Amino acid sequence: VKATGINEPVKARPREEGGLELISGHRRHDIAKQLGYPVPVIIVQEDNDTAQIEVVDGNLHRQDIPTSELARAAKMKMDALARKAGRRSKLEQLSEPKKRTDQIVAEDMGMSRNQVNRLVRINSLVPELKQQVDDKKLPFNTAVELSFLKPEEQGEVVNFMKKEQVVPTMAQATALKEASRAAQINQKPAPKNPIAMKQSPPAKVSSIVDEKKIASI
């Protein structure tokens, strides 16, 4: 950038209250701002959902994005696609077969629908567990199972993990999920003791395997 400046324009759209909203090229814009370089801009007219999809697409293909941010971006794109699909004209509905939003996102990310839907489950974790996933201290598949617990139940798991310096195994997380579901069906409170994490040997935090690649889920 220092040698040649910003050659590729950033993309923006007008704000209702005035000014411009950046859609793509955030990094180029930030670097140019730090260096005091002018930034070429392409201004387009786009609705909120189209703009959101473009912003999210930039994050979906980042190599250094934390798992929780990737999950949030995937969910945002699915939601925006669903809203846009609901506004399709009758002619569009007849001429273009409608794809599921999770299928569209899966194809874009090079994943299966099941992998994308499991990734999106990370959005249902409480912040402490999301951080554990991002820090590679809580295995992804275990986190997905824990995401089915109610927030207060997840809080109990977090407290237990802190107290005992352990993380639940996949089998323990699955048992927690099943216990939570059974409690909801029977209208009974779920057990306060995060279960039976002691029924099988807990995994020490230091022994957790790095599960960086979402595609291997």
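The sections below set out a description of the structure shown in this document.

Parameters at a glance
- Residues numbered from 1 in each chain as written.
- Predicted model: local features only at pLDDT ≥ 70, side-chain atom pairs only at ≥ 80, totals over all residues.
- Heavy atoms only, no water.
- Helix = DSSP H or I, 4+ residues; strand = E, 2+ residues; numbered from the N terminus.
- Buried < 20%, exposed > 50% of the residue type's maximum accessible area, 1.4 Å probe, protein only.
- Phe/Tyr/Trp six-rings, centres within 6.5 Å; stacked < 30°, edge-to-face > 60°.
- Lys NZ or Arg CZ within 6 Å of the ring centre and 35° of its normal.
- Core = buried A, V, L, I, M, F, W, Y, C linked by side-chain atoms within 4.5 Å.
- Pairing = 2+ DSSP bridges.
- Axes fitted to C-alpha atoms, helices over the stretch in contact; angles between N-to-C directions.
- Contact = heavy atoms within 4.5 Å.

## Notes on unusual backbone geometry
Even without being glycine, Lys136 reaches a positive phi, approximately 65°. By the secondary structure assignment, Lys136 is in the loop between helix 7 (127-134) and helix 8 (140-146). We classify Lys136 as partly exposed; its relative accessible area is 25%. With phi around 55°, Gln165 is a residue other than glycine that occupies positive phi space. By secondary structure assignment, the location of Gln165 is in the loop between helix 9 (151-164) and strand 4 (166-167).

## Quick look at the packing of aromatic side chains
Within the structure shown, the criterion is met by zero aromatic pairs. Above the ring of Phe148, the side-chain terminus of Lys177 is found at 4.9 Å from the ring centroid. Its end group placed over the ring of Phe148, Arg181 keeps NZ or CZ at 5.2 Å from the ring centre.

## Observations concerning the nonpolar core
Within the largest apolar cluster, 35 residues are counted, with the highest numbers of intra-cluster contacts made by Met109, Leu119, Leu129 and Leu146. Elements that contribute at least two residues to this core include exactly helix 2 (48-60), helix 3 (67-85), helix 5 (101-109), helix 6 (113-120), helix 7, helix 8, helix 9 and helix 10 (170-185). It is helix 3 that contributes the most residues to this core, seven residues altogether.

## A few points about the sheet that holds strand 1 (residues 10-14)
With mixed pairing, three strands are arranged side by side in an open sheet as 2-1-3. Single-partner strands in this sheet number two, and they are strand 2 (20-24) and strand 3 (41-43). Strand-to-strand twist across the sheet, computed as the mean angle between neighbouring axes with direction ignored, equals 40°. By the bridge criterion, four bridges tie strand 1 to strand 2 in an arrangement that is antiparallel. When the bridges of strand 2 are listed, Pro14 appears paired with Leu20. Where helix 2 meets the sheet, it contacts strand 1 and strand 2, and its direction lies at approximately 50° from that of strand 2.

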